[in-house]
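Now for the letters of each chain:
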Amino acid sequence: MKHRNHGKQILLVASGMSPQVLTETLYALIHQENPFLPDEIHMVTTAVGRDKAARELLHDSNGYFYHFCRDYGFTSGVFQASDIHTIRDLHGRELSDIKTPEDNEAAADTITALIASLTTDPNTTLHVSLAGGRKTMSYYTGYALSLYGRRQDQLSHVLISDGYESCPDFYYPTPVTQMITSHQGESLDASKARVTLAKIPFVRLREDLPTRFLEGTAGFSETVRRMGKVDEPRQLELDIKQRQVSLSGIKFDLSARELELAFLLMFVRNLEGDDEGFEVPRKRAAQFDISKHYLQALCELKNVEYTLQWPELKNKLTDADVQLRTLSSLENSDGTNSAMKDSFYSQRRRELHIIFRHELGSQLAECYLPQPKDGRGGYHGLNLKAGQIKIIE
């Protein structure tokens, strides 16, 4: 009966004062064409919502969740009191309700951190339900999944047939007749209720997130602010003495990445001089010798006088940071300085991308890396204007 695409299946429900959204969603999931049977169930709610959920769903063996499990042969161990996550403020205090802007921010950060955590393992599928809680909770839950959700993850809302929605005694359609009382005092048969799942499509932005955010260390507001920098004016600042670079106001320490820093400095100096860029190394193509420009940048960083005498220069530059093997990749077989090898160029750019993506995300990181200038990949340079760069010497 179980249909899987990605290992463990996880259900997350946002809830307020109606914990029955959990059993309603679970009913809809296991009765759809391709059943989704969670191995874990999590709920995010307020302190008051947590107490209500624990009392009504998990009370001894008579909670409605246990009734559901017995009625439909479901495993009760997948949801316990420890799986109810309480929204907390910046000081770690549990919130009883969400009423103020500060409460909303706390809810957003709690939900974002939880979804980031539940999407860490690539071998899982997360299904998120927006059925319960205040409207702001639903918004933050959906938006957080849009930020962190993967291709296999799902978003939904449950639809309840007339008369049963908001009925305090209704938790799920029972397999046999069970009479309940509606909020208007009418008698209803719970087994006659219809509960369906409305799948909600959402845009997945995970690939554009800074990789450190995938660790769940950033709050909702910080994540949105960082993503918004893609639409802000570009600004690159390079501090040679401190070995630091600032991109869109976000600072990086590159003191331990001297080879990559020299690579970036080479292109910044080229842009500063209003040049068109460099003809990059390409296999089976005539190569312009850009290794001398790279070495000039490396000499500038290390405060070494640049010389055209390759053996002398190589001897000056070789130290713990710049190994002989690295400099040998810029050397011909006869011991003379050569054009930069394609592999060396590609590795420096790739390493810079990894560093930048950690804080900027993939899309913004690409904006600060050398790009083709002529559309064919021959000349590469920074896609910035001279006024967008600043060098601190």
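Our subject is the structure that appears above.
> Which parts of the structure should I look at to understand the overall build of the chain?
The number of helices and strands found in the chain is 12 helices and 15 strands. Counting only residues that meet the buried cut, the chain has 51% of its 393 residues in that class. Across the chain, every contact between residues at least 6 apart in sequence was considered, and the portion connecting residues at least 24 apart equals 67%. Here the chain displays about 19,200 Å² of accessible surface, and carbon together with sulfur accounts for 47% of that area.

> Can you help me understand the sheet that holds strand β15 (residues 389–392) in this one?
Strand pairing in a sheet relies on backbone hydrogen bonds. The paired strands run either parallel or antiparallel. Read from one edge to the other, the open sheet built from 4 strands follows the order β11-β10-β9-β15, with strand pairing classed as mixed. Among the strands making up the open sheet, the edge pair consists of β11 (250–253) and β15. Pairs of neighbouring strands in the sheet enclose a mean axial angle of 15°, with direction left out of account. Across the sheet, helix α11 (residues 342–360) touches β10 (244–247) and β11, and the angle it forms with β11 is around 140°.

> For this particular structure, what's the right way to read the side chain of Gln-9?
Checked against the element boundaries, Gln-9 lands in strand β1 (residues 8–14). For Gln-9, a relative accessible area of 3% gives the class buried. In terms of polar contacts, Gln-9 uses its side chain to reach the backbone amide nitrogen of Leu-37, at 3.2 Å.

> Is there a simple way to think about empty space enclosed by the protein in this case?
Across all of its chains, the model carries 1 cavity of 30 Å³ or more by this definition. Looking at the largest cavity, its volume works out to about 30 Å³. Contributing to the lining of the largest cavity are Asp-208, Arg-226, Met-227, Val-230, Leu-360, Gln-363 and Leu-364. Among the secondary structure elements, those contributing two or more residues to the lining of the largest cavity are α6 (220–228) and α12 (362–367).

> Could you clarify how one ought to interpret the layout of surface pockets in this entry?
Taking a probe equal in size to a water molecule and rolling it over the atoms shows the remaining empty space. One number sums up the size of the largest pocket: a volume of about 360 Å³. When contributions to the lining of the largest pocket are tallied by element, the ones reaching two or more residues are α1 (20–30) and β5 (154–160). At 4 residues, β5 tops the list of elements feeding residues into the lining of the largest pocket. Within the lining of the largest pocket, the residues separate by chemical class into 9 nonpolar, 7 polar and 3 charged.

> Can you walk me through the nonpolar core in this structure?
In a soluble, globular protein the nonpolar side chains are often hidden away together inside. Within the largest apolar cluster, 50 residues are counted, with the highest numbers of intra-cluster contacts made by Leu-236, Leu-264, Tyr-294, Phe-356 and Tyr-368. Sorting elements by how many residues they give to this core places helix α7 (residues 258–272) first, with 10 residues. Residues in contact with Tyr-294, not counting those within four places in the same chain, are Leu-259, Ala-262, Phe-263, Met-266, Leu-330, Met-340, Phe-344 and Arg-348. Ala-28, Leu-58, Phe-74 and Ile-160 belong to the second-largest nonpolar core, a separate cluster that totals 35 residues.

> What is the right way to read the packing of aromatic side chains from this model?
Remark: the centre distance and the inter-plane angle together describe each pair of aromatic rings, the angle taken between the planes. Under the counting rule described, the total for this entry stands at 18 aromatic pairs. Ring plane angle 5° and centroid distance 3.7 Å describe the contact between Tyr-64 and Tyr-171, whose orientation is recorded as stacked. Residue Tyr-64 is located in helix α3 (residues 64–72), and its partner Tyr-171 is located in the loop between β5 and β6 (179–181); the two are separated by 107 residues in the primary sequence. Given a relative accessible area of 29%, Tyr-64 falls into the partly exposed group. One aromatic cluster is present, built from ring pairs that chain together Tyr-27, Phe-68, Tyr-72, Phe-74 and Tyr-172. The ring of Phe-202 has Arg-204 lying over it, and the distance from NZ or CZ to the ring centre is 4.0 Å. Its guanidinium or amino end placed over the ring of Phe-344, Arg-348 lies 4.8 Å from that ring's centre, counting from NZ or CZ.

> Please clarify how helix α9 (residues 310–317) should be interpreted in this entry.
Each turn of an α-helix holds 3.6 residues, which means side chains three or four residues apart point in the same direction. Burial in α9 covers these residues: Trp-310, Leu-313, Lys-314 and Leu-317. Angularly, the buried residues of α9 cover 100° about the axis, an arc narrow enough to put them on a single face. Turned more than 90 degrees away from the buried face of α9 sit Pro-311 and Asn-315, all of them exposed.

Scoring rules and cut-offs
Residues numbered from 1 in each chain as written. Predicted model: local features only at pLDDT ≥ 70, side-chain atom pairs only at ≥ 80, totals over all residues. Heavy atoms only, no water. Helix = DSSP H or I, 4+ residues; strand = E, 2+ residues; numbered from the N terminus. Buried < 20%, exposed > 50% of the residue type's maximum accessible area, 1.4 Å probe, protein only. Contact = heavy atoms within 4.5 Å. Areas by Shrake-Rupley, 256 points an atom, 1.4 Å probe, with all protein chains shown as cover. Pairing = 2+ DSSP bridges. Axes fitted to C-alpha atoms, helices over the stretch in contact; angles between N-to-C directions. Polar contact = N/O pair within 3.5 Å; in protein donor to acceptor, adjacent residues only side chain to side chain. 1 Å grid on protein atoms, 1.4 Å probe; cavity = no way out; pocket = protein on both sides within 12 Å on 5 of 7 lines; lining within 4 Å. Points joined across faces, edges and corners; volume = space filled by probe spheres on them. Nonpolar A, V, L, I, M, F, W, Y, C, P; charged D, E, K, R; others polar. Core = buried A, V, L, I, M, F, W, Y, C linked by side-chain atoms within 4.5 Å. Phe/Tyr/Trp six-rings, centres within 6.5 Å; stacked < 30°, edge-to-face > 60°. Lys NZ or Arg CZ within 6 Å of the ring centre and 35° of its normal. Arc of directions from axis to C-beta.

Structural measurements only, silent on function.
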